[in-house]
Amino acid sequence: SIVAVEAEEIDRLNILQATFEGMRRALAALRPAATEAWIDGNQVPPGLPVPARAIVQGDATVAAISAASILAKTSRDATLQEMDARYPGYGFAIHKGYPTPQHLAALDQLGPCAIHRQSYAPVRLRVMQGRLF
């Protein structure tokens, strides 16, 4: 199951809590239901619908977590390809949302678009410095 947590929700919850919420939603959507969740990291999100265990560096040591990581990244990349067409000028298809010099220059020139997290440091700092718009 692949789910997305939108920018507004990440800004409202914070990135960690939004990640936990995404995990809860993904597990709840699985059919058939999972019997256990393996989490890449050092924390098990509260409120999961199944027992879980955190595995530090799980994406490097557990094949199932590695596969899930690849699926998540390819899904994110496909979404950013679509966002590149919807929001031209930002270069989402190239930098995939990472703070490359091109992305930062686009933020300076265009300001944030609807998919930018206001809590994302490069956006937040530019707003605080009055460098946007």
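Our subject is the structure listed above.
Residues numbered from 1 in each chain as written. Predicted model: local features only at pLDDT ≥ 70, side-chain atom pairs only at ≥ 80, totals over all residues. Heavy atoms only, no water.

It is worth spelling out the side chain of Lys 96 at this point. As for its placement among the helices and strands, Lys 96 is situated in the loop between helix 5 (92-95) and helix 6 (101-110). Salt bridges are absent for the buried Lys 96, whose nearest opposite-charge side chain, Asp 77, sits at 5.1 Å. Not counting residues within four places of it along the chain, the set of residues in contact with Lys 96 comprises Arg 76, Asp 77, Leu 80, Gln 81 and Gly 91. (Helix = DSSP H or I, 4+ residues; strand = E, 2+ residues; numbered from the N terminus. Buried < 20%, exposed > 50% of the residue type's maximum accessible area, 1.4 Å probe, protein only. Lys, Arg positive; Asp, Glu negative; His and termini not counted. Salt bridge = Lys/Arg side-chain N within 4 Å of Asp/Glu carboxyl O. Contact = heavy atoms within 4.5 Å.)

This part is about the environment of Met 128. Along the polypeptide, Met 128 turns up in helix 7 (residues 121-128). Met 128 gets classed as exposed once you look at its relative accessible area, which sits at 64%. For the pair Met 128 and Arg 86, spaced 42 residues apart in sequence, the C-alpha to C-alpha distance is 26 Å.

Glancing now at the pattern of salt bridges. By the definition in use, this model includes seven salt bridges. In this structure, Glu 9 engages Arg 12 in a salt bridge whose closest nitrogen and oxygen atoms are separated by 3.8 Å. Of this pair, Glu 9 and Arg 12 both sit in helix 1 (residues 7-13), three residues apart, which is roughly one turn of that helix. Take Glu 9: its relative accessible area is 15%, and that puts it in the buried class. With a shortest N-O distance of 3.0 Å, Arg 25 and Glu 21 are connected by a salt bridge. Remark: Glu 21 and Arg 25 occur in helix 2 (residues 15-29); sequence separation between them is four residues, near one turn of the helix. Here Arg 25 falls in the partly exposed class, since its relative accessible area comes to 29%. By sharing partners, the salt bridges in this structure join Glu 9, Arg 12, Glu 21, Arg 24 and Arg 25 into a single network.

This part covers unusual backbone geometry. With an omega of 0 degrees, the peptide bond between Arg 31 and Pro 32 qualifies as cis. With respect to the element layout, Pro 32 can be found in the loop between helix 2 and strand 1 (37-40). At Asn 14, a residue that is not glycine, the phi angle is positive and equals roughly 100 degrees. For Asn 14, the position within the fold is in the loop between helix 1 and helix 2. Within the chain, Gln 57 stands out as a residue other than glycine whose phi angle is a positive 60 degrees.

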